[in-house]
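Okay, here's what each chain looks like letter by letter:
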Amino acid sequence: MSGGGHGAIEGSNKRVALMISVLALFLAGAETLAKSAQTEALGANVEASNQWAYFQARTIRATVLKTADEALALAPPAGGDDAAVKAKRDEWAKTVARWESEPATGEGRKELAAKAKASELRRDLALERYHHFELASAAFQVGIVLASAEVITGIVALAFAGGFLGVAGLALAAFGQFAPHTLPFLH
């Protein structure tokens, strides 16, 4: 009778060991997805910062030209060529207008702001995914610990709790990948 009990324990331990292996596999996947999302968030954040910096530079340059234009309009050079002054002011006005919107190159303030906002959205999405994947990783880790404790203690409820956390981790990872906006209370 004790021989049969020993075989049942070995069989149970093998199943729990297999579950631990599967949880470890899912943990590795969730960690990889989390790192990828984190890298995407950092890259998009740098991209948005660069675009906003370029936007700000364009704004400063336009302000300098507008100020020069206003100064020239208020106090044209004495004895100066009115046609040359008008030509310079027209040139500055065209430059300022081009800096405001330049669809051909995408480097006007309007286009830069749109690009920066798109980069911010990509960053925010990647961060939402990252949070889901990190929570999934935590669920897998705790599931592994609980399942390992079952092997030592023989308390079957620990293996079930570990399996439940594995399923919860899979659900969190799936939400992170396919519907990261669905569970906003997680971050």
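Rules and cut-offs
- Numbers given for residues are sequential positions, taken from 1 along each chain in its written order.
- Two thresholds apply to this predicted model, a pLDDT of at least 70 for residue-level local features and 80 or more for giving and counting side-chain atom pairs, whereas whole-chain, interface and lining totals are computed over all residues.
- The basis for the side-chain values is all heavy atoms of the structure; hydrogens and waters are excluded.
- When a carboxyl oxygen of Asp or Glu lies within 4 Å of a side-chain nitrogen of Lys or Arg, that pair is called a salt bridge.
- Remark: exposure states derive from per-residue accessible area (1.4 Å probe, protein chains only) relative to the maximum for the residue type, with buried under 20%, exposed over 50%, and partly exposed in between.
- Buried residues of nine kinds, namely Ala, Val, Leu, Ile, Met, Phe, Trp, Tyr and Cys, make up a nonpolar core once their side-chain atoms join them within 4.5 Å.
- Here a strand is any run of E in DSSP of at least two residues, a helix any run of H or I of at least four, and the numbering for each starts at the N terminus.
- An expected span of 1.5 Å times one less than the residue number is assigned to each helix.
- To count toward a patch, a residue needs a relative accessible area above 30% and no salt bridge. Like charges then connect within 9 Å, nonpolar side chains (Val, Leu, Ile, Met, Phe, Trp, Tyr) within 5 Å.
- The protein chains shown are the only cover counted for residues, whose accessible areas, like all others here, come from Shrake-Rupley with a 1.4 Å probe.
- By the counting scheme adopted, Arg and Lys are positive, Glu and Asp are negative, and His together with the chain ends is not counted.
- Residue contacts are defined here by distance: any two heavy atoms, one from each residue, within 4.5 Å place the two residues in contact.
- Any two rings among Phe, Tyr and Trp, with Trp reduced to its six-membered ring, count as a pair given centres within 6.5 Å; such a pair is stacked if its planes are under 30 degrees apart, edge-to-face if over 60, and tilted if neither.

(A) The pattern of salt bridges, seen in detail. All told, the structure shown has 10 salt bridges when counted by the stated rule. For Arg 109, the salt bridge is made with Glu 100, and the minimal N-O distance between the two is 2.7 Å. Residue Arg 109 is classed as buried on the basis of its relative accessible area of 18%. Relative accessible area serves as the criterion here: at 37%, Glu 100 is assigned to the partly exposed category. What you see here is one network of salt bridges that share partners, running through Arg 58, Arg 98, Glu 102 and Glu 107.

(B) Structural detail: the nonpolar core. With 17 residues, the main nonpolar core has Val 16, Ile 20, Phe 133, Ala 136, Phe 140 and Ile 144 as its most contacted residues. For this core, the secondary structure elements donating two or more residues are helix H1 (2-74), helix H3 (109-153) and helix H4 (156-178). In terms of residues, this core owes the most to one element, H1, which gives seven residues. Counting seven residues, the second-largest nonpolar core is a separate cluster that includes Ala 62, Leu 65, Val 96 and Trp 99.

(C) Region of interest: H3. Under the 1.5 Å per step criterion, the end-to-end length of H3 is 65 Å for 45 residues, consistent within 8% with the ideal 66 Å. Following H3 by one or two positions, Gly 154 adopts a phi angle in the positive range, close to 80 degrees.

(D) Quick peek at H4. Counted at 1.5 Å a residue, the expected span for H4 with its 23 residues is 33 Å, and the 33 Å between its end C-alpha atoms agrees. For H4, the set of buried residues is Ala 159, Gly 162, Gly 166, Gly 169, Leu 172, Ala 173 and Gly 176.

(E) Summary view of a nonpolar patch on the surface. A surface patch of nonpolar side chains, about 440 Å² in accessible area, is lined by Leu 18, Val 22, Leu 25, Phe 26 and Leu 170. Take the nonpolar patch: its biggest share by element is four residues, from H1. Relative to the helices and strands, Leu 170 is located in helix H4.

(F) Main features of the side chain of Glu 150. With respect to the secondary-structure elements, Glu 150 resides in helix H3. No salt bridge is formed by the buried Glu 150; the nearest opposite charge belongs to Arg 15, separated by 8.3 Å. For Glu 150, the contacting residues outside a window of four places in its chain are Ser 12, Asn 13, Val 16, Ile 155, Val 156, Leu 158 and Ala 159.

(G) Layout of the packing of aromatic side chains. Evaluated as defined, the whole model comprises two aromatic pairs. Ring plane angle 40 degrees and centroid distance 5.8 Å describe the contact between Phe 26 and Phe 140, whose orientation is recorded as tilted. Taken together, the positions of Phe 26 in helix H1 and Phe 140 in helix H3 put the pair 114 residues apart, joining distant regions of the chain. Pairing Trp 52 with Phe 55 gives two aromatic rings, centres 5.3 Å apart and planes at 85 degrees, and the pair type is edge-to-face. In this pair, Trp 52 and Phe 55 are both assigned in helix H1, three residues apart and thus about one turn of the helix distant.

As far as function goes, none of this settles anything; it's purely spatial.
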